Amino acid sequence: MAPGSRTSETLTAEDARRQLVEQLRSQGWITRPEVAAAFTAVPRHLFAPAGTSIETAYANDVVVTRRGADGKATSSISAPWLQAYMVETAGLRPGARVLEIGSGGCNAALIAEVVGPAGAVVSVDIDVQVVTHAQRALARAGYPQVKVVHADGVHGHPADGLWDAVLVTVEASDLPPAWTDQLSPAGRLVAPLRMRGNTRCLTLQPAGDHLVATASVQCGFVAMQGHGRNPARQVPLRGDDAVLTLDDDTTTANAEALRAALDGPRVEVPSPVTLDMSMGTYLESLHLWLASQPRPYGVLRVDRDRTAGLLDPQDRFFCPTLLTNDSLAYLTMRRHDTTTWQFGGHGFGPQATRLTSDLMELIAAWDQQYRAGAGPDITVHPAGTRLPDTERLRLLVPRRHTLTAITWPETNR
Ligand SMILES: C[S@@+](CC[C@H](N)C(=O)[O-])C[C@H]1O[C@@H](n2cnc3c(N)ncnc32)[C@H](O)[C@@H]1O
């Protein structure tokens with residue numbers, strides 16, 4: 001038995017691992033036997049802070065391991081479903097050489113299990129305390145072969161040749177050239193990329209001078225530090241209780257005017273569009289669709305308890321919000337009947353009526369065209385690339401090193 005595995009009379013670490021694997025399998029996050037075997041083998045609790053219960057260590061949720069002076073998480077053990085997703089989508093096989101950006105040890109151990117003794121795993125972290133912790137926990141858990149390096153991950157790890165996969169486990173607003181330069185031609189880069197405030201874990205494969213996303217899932221990660229640090233602009237609307245994130249250079253907002261708008265009346269408009277909550281990833285698709293519109297856009301985050309009645313957005317962390325300089329309209333969703341929810345919009349400010357009406361039109365268009373699951377094509381190009389014109393709706397996300405294009409398919413409906 002791994003050290004420290006029996007912490008409760010009722011649940012051993014082995015039991016907890018078995019339950020977690022069953023859960024991840026039934027939810028579809030684990031499909032491959034090698035990945036199930038890795039999750040069954042890795043003693044996740046040994047990577048958690050001292051005193052973490054077995055229940056917490058093996059819950060299908062993130063475990064925060066380190067916080068900055070402001071109390072925000074700077075390091076964590078990623079949620080098991082996301083670790084499983086990344087390992088699966090990276091297509092890791094025995095013998096693969098894998099570079100992980102952002103360490104902690106647990107995910108590196110899972111990767112080491114999958115790639116086996118013929119493979120190689122290097123994990124890079126910018127925080128020396130994370131590196132030390134990861135090295136100790138990996139040795140204790142039985143993975144001394146994993147190399148943990150203290151460095152800024154934007155440079156990758158050029159010393160050890162090309163990688164079959166680069167897994168980035170920290171939120172990036174850009175993809176530095178090192179990650180693609182150090183990838184083998186058939187390799188995969190799996191990275192959580194922030195695009196207009198929406199973070200998607202993209203599975204990217206090289207295609208000539210650019211990368212093509214072959215899979216994508218909504219996710220959240222701690223923010224990148226070091227040279228790649230690029231926080232989005234935060235506009236507090238009610239102190240920390242309601243904050244608007246603006247993540248592109250074209251959206252400007254008059255913070256004073258937006259704050260004043262919230263003192264005025266709220267325009268409430270219901271949409272005829274409803275959603276069956278069993279319908280998987282549709283909200284994810286609606287969020288990206290709204291973000292892709294060629295108009296000022298932000299993402300609203302609220303403290304539900306402290307802003308209830310004033311701001312009741314569909315998503316308390318990432319709510320799509322249309323903007324003008326002095327007005328805003330965000331997405332809402334309320335219970336329609338026992339299984340369905342109804343969309344709508346709340347608007348504030350002089351342009352509230354127009355913005356909420358625009359929002360309803362966009363929801364209707366999405367409902368007509370994309371709720372069946374037709375997601376956008378996402379491609380990542382070198383910065384400065386001139387893409388051919390297209391009739392299709394396309395959001396371009398220009399960053400220092402890359403230009404990401406989110407292009408929606410034409411539909412015949
Ligand atoms: C979510 S944690 C990584 C989770 C981990 N891979 C696991 O085992 O589940 C993100 C890590 O990225 C690190 N980080 C942030 N910026 C970085 C950078 N520029 N280079 C390398 N690591 C960075 C943080 O210190 C933190 O430990």
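Rules used throughout
Along each chain, residue indices are assigned from 1 in the same order as the chain's sequence is written. The model is predicted, so local features are restricted to residues of pLDDT at least 70 and side-chain atom pairs to those at 80 or more, both for listing and for counting; the totals for chains, interfaces and linings are taken over all residues. The basis for every side-chain value is the complete set of non-hydrogen atoms in the structure, without hydrogens or water. UniProt positions are given in the numbering used here, feature names are shortened, and annotations may be inferred rather than shown by experiment. Centres within 6.5 Å are what make two rings of Phe, Tyr or Trp a pair, Trp counting through its six-membered ring; a difference in plane orientation under 30 degrees is then read as stacked, over 60 as edge-to-face, and the rest as tilted. Per the convention used, a helix needs a DSSP run of H or I reaching at least four residues, while a strand needs a run of E reaching at least two, with both numbered from the N terminus. Exposed residues in this analysis have more than 50% of their type's maximum accessible area, buried residues have under 20%, and partly exposed residues fall in between, with area computed by a 1.4 Å probe over protein chains only. Working rule: Lys NZ or Arg CZ, within 6 Å of ring centre, within 35 degrees of ring normal, means a charge sits over the ring. Each pair of strands is called paired provided DSSP finds at least two bridges between the two strands. Only the contacting stretch of a helix is used when fitting its axis, a line to C-alpha atoms as for every element, and angles between N-to-C directions run 0 to 180 degrees. Residues are counted as near a molecule or strand when any one of their heavy atoms sits within 4 Å of it. Any pair of nitrogen or oxygen atoms within 3.5 Å is treated as a polar contact; in protein, a donor-acceptor pairing is required on top of that, and neighbouring residues in sequence qualify only through side-chain atoms on both sides. Per-residue accessibility takes into account occlusion by the displayed protein chains alone, with areas from the Shrake-Rupley method and a 1.4 Å probe. In this analysis, the protein atoms alone were mapped onto a 1 Å grid. Cavities are point sets where a 1.4 Å probe fits without being able to get out; pockets are open sets with protein on both sides within 12 Å along at least five of seven lines; lining residues have an atom within 4 Å of a point. Grid points are joined across faces, edges and corners, and a volume is the space filled by probe spheres set on the points. Gly counts as polar in this scheme, as do all residues outside two lists: the nonpolar Ala, Val, Leu, Ile, Met, Phe, Trp, Tyr, Cys and Pro, and the charged Asp, Glu, Lys and Arg. In plain words, nonpolar cores are sets of buried Ala, Val, Leu, Ile, Met, Phe, Trp, Tyr and Cys residues tied together by side-chain atoms within 4.5 Å. As used throughout, domain bounds are those supplied by an automatic or database domain assignment. Any two residues whose heavy atoms approach within 4.5 Å at even a single point are treated as in contact. Each C-beta atom gives one direction from the helix axis, and the arc is the one those directions make. The term disulfide is used for any two cysteine sulfur atoms that are within 2.5 Å. Accessible surface is computed with a 1.4 Å probe, and the buried area is the amount of it that two parts give up when combined, taken over both parts together. Salt bridges are identified by distance alone: a Lys or Arg side-chain nitrogen within 4 Å of an Asp or Glu carboxyl oxygen.

- The chain has the name Protein-L-isoaspartate O-methyltransferase in an unreviewed UniProt entry, where Micromonospora parastrephiae is given as its organism.
- Taken from UniProt, the Subcellular location (unreviewed entry) comment for the chain reads in full: "Cytoplasm".
- UniProt, in the comment section headed Sequence similarities (unreviewed entry), describes the chain in these words: "Belongs to the methyltransferase superfamily. L-isoaspartyl/D-aspartyl protein methyltransferase family."

1. With respect to the packing of aromatic side chains
No. 1: Applying the stated criterion across every chain, the model contains seven aromatic pairs.
No. 2: Where Trp29 meets Tyr85, the ring centres are 6.1 Å apart and the plane angle is 80°; that geometry is what we call edge-to-face. With Trp29 in the loop between α1 (13-26) and α2 (33-41) and Tyr85 in helix α4 (residues 80-89), the pair connects residues that are 56 residues apart, well separated along the chain.
No. 3: What makes Trp29 partly exposed here is its relative accessible area of 23%.
No. 4: The exposure class assigned to Tyr85 is buried, which follows from its relative accessible area of 13%.
No. 5: Following the ring pairs from residue to residue traces out a cluster consisting of Trp29, Trp81 and Tyr85.
No. 6: The ring of Trp163 carries the charged tip of Arg97 above its face, separated from the ring centre by 4.7 Å.

2. Regarding the sheet that holds strand β12 (residues 267-276)
No. 1: Taken in spatial order, the seven strands of this open sheet run β10-β11-β13-β14-β15-β16-β12, and their pairing is antiparallel. With one partner strand each, in any of the chains shown, β10 (233-236) and β12 form the two edges of the open sheet. Adjacent strand axes in the sheet meet at a mean angle of 30°, parallel and antiparallel pairs treated alike.
No. 2: Alignment of strand β14 (residues 319-323) against strand β15 (residues 328-335), held across three bridges, turns out to be antiparallel. Bridging from a neighbouring strand, Thr321 pairs with Tyr330 of β15.

3. Section: the site of the ligand
No. 1: Lining the immediate surroundings of the ligand are 25 residues, of which Ser75, Glu100, Asp125, Gly153 and Gln225 lie closest.
No. 2: In this structure, Thr169 approaches the ligand through a side-chain N or O atom, which is 3.0 Å from a nitrogen atom.
No. 3: In the model, a nitrogen atom of the ligand is placed 2.9 Å from a nitrogen or oxygen of the Gln225 main chain.
No. 4: Relative to its unbound accessible surface of 600 Å², the ligand loses 100% to contact with the protein.

4. As for the layout of surface pockets
No. 1: When its volume is computed, the second largest pocket comes out at roughly 380 Å³.
No. 2: Along the walls of the second largest pocket sit 21 residues, with Asp247, Asp248, Asp249, Thr250 and Pro398 positioned nearest its centre.
No. 3: If one sorts the elements of the lining of the second largest pocket by residue count, strand β18 (residues 394-398) sits on top with five residues.
No. 4: Looking at side-chain class alone, the lining of the second largest pocket contains eight nonpolar, four polar and nine charged residues.

5. A look at the nonpolar core
It is characteristic of soluble globular proteins that their nonpolar side chains tend to be buried jointly.
No. 1: With 70 residues, the main nonpolar core has Leu175, Trp179, Leu189, Leu237 and Phe343 as its most contacted residues.
No. 2: The dominant element in this core, judged by the number of residues it contributes, is helix α9 (residues 282-291), at seven residues.
No. 3: Mapped onto the domain boundaries, this core takes at least three residues apiece from domain 1 (13-228) and domain 2 (233-369).
No. 4: Those residues within four positions of Phe343 in sequence are excluded, and the remaining contacts are Pro270, Ser271, Val273, Leu275, Leu283, Leu286, Leu331, Thr332, Met333, Ile363 and Trp366.
No. 5: Listed in part, the 55 residues of the second largest apolar core include Leu11, Ala13, Val21 and Val114.

6. Observations regarding the pairing of strand β17 (residues 377-382)
On a regular strand, one side chain projects to one face of the sheet and the next to the other, so that they alternate.
No. 1: Note that strand β9 (residues 210-218) and β17 share two bridges and pair antiparallel. Paired with Leu211 across the two strands is Val380, which belongs to β17.
No. 2: Where β17 meets strand β19 (residues 402-407), six bridges bridge the pair, whose relative direction is antiparallel. Bridged to Pro382 within β19 is Thr402.

7. Re α2
Every α-helical turn comprises 3.6 residues, leaving residues that sit three or four positions apart pointing alike.
No. 1: Buried within α2 we find Val35, Ala36, Ala38 and Phe39. Here the buried residues of α2 occupy an arc of 160° about the axis, which is enough to place them on one side.

8. As for the pairing of strand β13 (residues 297-302)
No. 1: In terms of burial, β13 is a largely internal element, five of the six residues being buried.
No. 2: Where strand β11 (residues 242-246) and β13 come together, four bridges link them in antiparallel fashion. By the bridge assignment, Val243 is partnered in β13 with Arg301.
No. 3: Here four bridges tie β13 to β14, and the two strands are oriented antiparallel to one another. Following the sheet pairing, Leu300 is matched in β14 by Cys319.

9. Considerations on the state of the cysteines
No. 1: In this structure the tally under the stated criterion is zero disulfides.
No. 2: Among the cysteines around Cys219, which has no disulfide bond, Cys201 carries the closest sulfur, lying 5.0 Å off.
No. 3: Its sulfur unpaired, Cys319 is 18 Å from the next cysteine sulfur, which belongs to Cys219.
No. 4: Of the residues examined, Cys319 reaches a relative accessible area of 0% and is grouped as buried.

10. Details of the domain arrangement of the chain
No. 1: According to the domain assignment, the chain consists of domain 1 (13-228) and domain 2 (233-369).
No. 2: Of note, the centres of domain 1 and domain 2, computed from C-alpha atoms alone, are 32 Å apart.
No. 3: With nine residues of domain 1 at the interface, the matching set in domain 2 holds 14 residues.
No. 4: Both sides together, the interface formed by domain 1 and domain 2 hides about 1000 Å², and carbon and sulfur atoms give 41% of it.
No. 5: Of all residues in domain 1, Arg196, Asn198 and Gln218 bury the most surface against domain 2, accounting for 61% of the area lost on that side.
No. 6: As a salt-bridge pair, Asp247 and Arg194 come within 2.8 Å of each other at their nearest N and O atoms.
No. 7: Elements supplying a minimum of two residues to the side of domain 1 that touches domain 2: β7 (183-195), β8 (198-207) and β9.
No. 8: At three residues, the largest contribution of residues to the side of domain 1 that touches domain 2 is made by β9.
No. 9: Of the residues contributing to the side of domain 1 that touches domain 2, the split by class is two nonpolar, four polar and three charged.

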